[in-house]
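Overview (structure and organization)
Here is how the chains run, residue by residue.
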Amino acid sequence: MPSPTLLSNAGASIFRDAATDRLVVGTVDGIFVLEREAKGWREAGRALEGAAVSAVAQLPSGTLIAATHGLGVGRSTDGGMTWDWSNKGLPQFDLWAARGGVIGGEQVALVGSMPAHLMISRDDGVSWTELPALREVESFPHWFFPPPPRLGHVKDIVIDRDRLFVGIEVGALLVSDDAGRSFRDLKVDPNPVECDIHRLLVDPRDREGMIAAVGLVGLVRTQDGGGRWTRDPSLTEMEYPDGLVQHPDRPDLLFMAVGTGWPPTWYRKRRAQGKIARSTDRGRTWERLLGGLPDGQRALFSALSIGTRPGGFDLFAADTDGQVFESRDGGDRWTMIAETAPVSKGEFYRALAKGRPRIAGVDDIKADAAATARMEAADASIA
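Residues numbered from 1 in each chain as written. Predicted model: local features only at pLDDT ≥ 70, side-chain atom pairs only at ≥ 80, totals over all residues. Heavy atoms only, no water.

Secondary structure assignment for the chain yields three helices and 29 strands. Taking 2.2 N^0.38 as the reference for a compact globule, 383 residues should give roughly 21 Å; the C-alpha atoms of the chain span a radius of gyration of 19 Å, in line with that estimate. Overall, the C-alpha framework of the chain stretches about 50 × 50 × 45 Å when taken along its three principal axes. Classification of the 383 residues of the chain by burial places 62% in the buried group. Long-range pairs, those at least 24 residues apart, make up 51% of the contacts in the chain between residues at least 6 apart in sequence. Carbon and sulfur atoms make up 50% of the accessible area of the chain, which totals about 14300 Å². (Helix = DSSP H or I, 4+ residues; strand = E, 2+ residues; numbered from the N terminus. Rg over C-alpha atoms; globule rule 2.2 N^0.38 Å. Buried < 20%, exposed > 50% of the residue type's maximum accessible area, 1.4 Å probe, protein only. Contact = heavy atoms within 4.5 Å. Areas by Shrake-Rupley, 256 points an atom, 1.4 Å probe, with all protein chains shown as cover.)

Taken together, the four strands give an open sheet; going across it, the order is 1-3-4-5, and neighbouring strands pair in mixed fashion. A single partner strand is all that each edge strand has here, and the edge strands are strand 1 (4–7) and strand 5 (40–47). Between one strand and the next, the sheet's axes are offset by a mean angle of 25 degrees, whatever the strand orientation. Where strand 3 (residues 19–27) meets strand 4 (residues 30–37), six bridges bridge the pair, whose relative direction is antiparallel. (Pairing = 2+ DSSP bridges. Axes fitted to C-alpha atoms, helices over the stretch in contact; angles between N-to-C directions.)

Taken as a whole, this structure holds eight aromatic pairs when the rule is applied. Plain terms: the ring middles of Trp 96 and Phe 145 are 5.7 Å apart, the flat faces sit at 75 degrees to each other, and that makes the pair edge-to-face. Within this pair, whereas Trp 96 is found in strand 10 (residues 95–103), its partner Phe 145 is found in the loop between strand 13 (129–130) and strand 14 (153–160), the two being separated by 49 residues in sequence. You'll find Trp 96 and Phe 145 in the same group, each marked buried. Ring centres 5.3 Å apart and planes at 75 degrees place the aromatic pair Trp 266 and Phe 348 in the edge-to-face group. One end of the pair, Trp 266, is in helix 1 (residues 263–269); the other, Phe 348, is in helix 2 (residues 348–351), and 82 residues separate them in sequence. On the basis of relative accessible area, Phe 348 is assigned to the buried category, the value being 8%. Each member of the aromatic cluster is reached from another via a ring pair, and the members are Tyr 240, Trp 266 and Phe 348. The ring of Phe 32 is capped by Arg 46, whose NZ or CZ atom sits 3.8 Å from the centre of that ring. The cationic tip of Arg 356 hangs over the ring face of Tyr 267; the distance from NZ or CZ to the ring centre is 5.2 Å. (Phe/Tyr/Trp six-rings, centres within 6.5 Å; stacked < 30°, edge-to-face > 60°. Lys NZ or Arg CZ within 6 Å of the ring centre and 35° of its normal.)

Below, the discussion takes up the sheet that holds strand 11 (residues 106–113). Across the sheet, four strands lie side by side as 10-11-12-13; this open sheet has antiparallel pairing. Two strands in the sheet have a free side with no partner beyond their single neighbour: strand 10 and strand 13.

So, about the pattern of salt bridges. For the structure on display, the rule yields 35 salt bridges. Of the charged contacts in the structure, one is a salt bridge between Asp 295 and Arg 288, with a shortest N-O distance of 3.0 Å. According to the relative accessible area criterion, Arg 288 is partly exposed, its value standing at 32%. Of the charged contacts in the structure, one is a salt bridge between Arg 356 and Asp 363, with a shortest N-O distance of 2.9 Å. Taking relative accessible area as the criterion, Arg 356 reaches 8% and is therefore assigned buried. Connected via shared salt-bridge partners are Arg 36, Arg 309, Asp 314, Glu 326 and Arg 328. (Salt bridge = Lys/Arg side-chain N within 4 Å of Asp/Glu carboxyl O.)

This part takes up the pairing of strand 19 (residues 210–214). Summarising burial for strand 19: five of the five residues are buried, a large majority. Pairing geometry for strand 18 (residues 197–202) and strand 19, over five bridges, is antiparallel. Each bridged residue has a counterpart across the sheet, and for Ile 197 the counterpart in strand 19 is Val 214. Pairing of strand 19 with strand 20 (residues 218–222), which is carried by five bridges, proceeds in the antiparallel orientation. Counterpart to Ala 213 in the pairing with strand 20 is Leu 219. Hairpin geometry of strand 19 and strand 20 is characterised by an intervening segment of three residues between the two adjacent antiparallel strands.

Among the secondary structure elements, His 153 is positioned in strand 14. Overall, His 153 belongs to the buried group, its relative accessible area being 0%. Note: C-alpha distance between His 153 and Trp 96 (57 residues apart in sequence) is 7.0 Å. Within polar-contact distance, the side chain of His 153 engages the side chain of Glu 169 at 2.7 Å. (Polar contact = N/O pair within 3.5 Å; in protein donor to acceptor, adjacent residues only side chain to side chain.)

What follows is the structure in structure tokens.
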């Protein structure tokens, strides 16, 4: 049976020859399995109820893993219909990212936590060991996260053949050339507080070329393997990129989910104005997509995935209200296919809820002076 397409905040998001008629969604209330029928989509399964799922990923064997906040790793061997907890050896349980793949000819699963630790499984997600070298890099003392408890966490994991990349929110982009036995910093910015790494894309045609979505900055790119990075001026009124995917066979075709302004701006204005944009020139220019998507909404698109199929590809997006959207024509037209529990990074879904009260740990964001100035300037961009 073809592997399902996965949709979650910080899990796998780019799929070749996936079953785009079957979608496994990681939400703040567990897993939703959606299936396409002749008259639309239906909910085919529910699992891990009560668990806040941050990321869903797949191993080459077909096994699925789900990273959760506070409960560790869920594991499924039947396409997401049933799950068991798989925490043997796991030293951290507040997990923010997950990925599966092959490094050095070996199948591995990886999960990252808050505080920032990286754990690896070499037995199909059954047991875990830590990769301590992650915390031995120069930037480590500077890692943080603006909301309390202000601890940096692993936000993105990328397996690129023999290389392993790890994005830290906030503080670093790290690379390992030896399967995680050692790491080194890629100096995205001299100031670690500007290294708010959300997603990384590697150009499959030239692996020295990379694009990173940086929460406090926008997009940055390198053409020399990470030695020198430049800020991309192409984003306007789309300051906070999170989801970023590329077509697996057409790497110049990118899609991105963004918010207008930054989280403190959203909370003051009571809306994030979540948007989805498309680029056909590898991120040098962007076109905002509507065609069925909400315009000026309160919620934020917290997950974005792409899956190819014979004759085309599908896009899926989910927001902090739990609305799931699909496009089958390259992003021109979108349809809401389901309502699930919210799909969210951390507490965004609570912070963006309609009429919410003040929330300790959400409203107590502290950023550095330069980021605060950008946030204040962004207030004027939201009508």
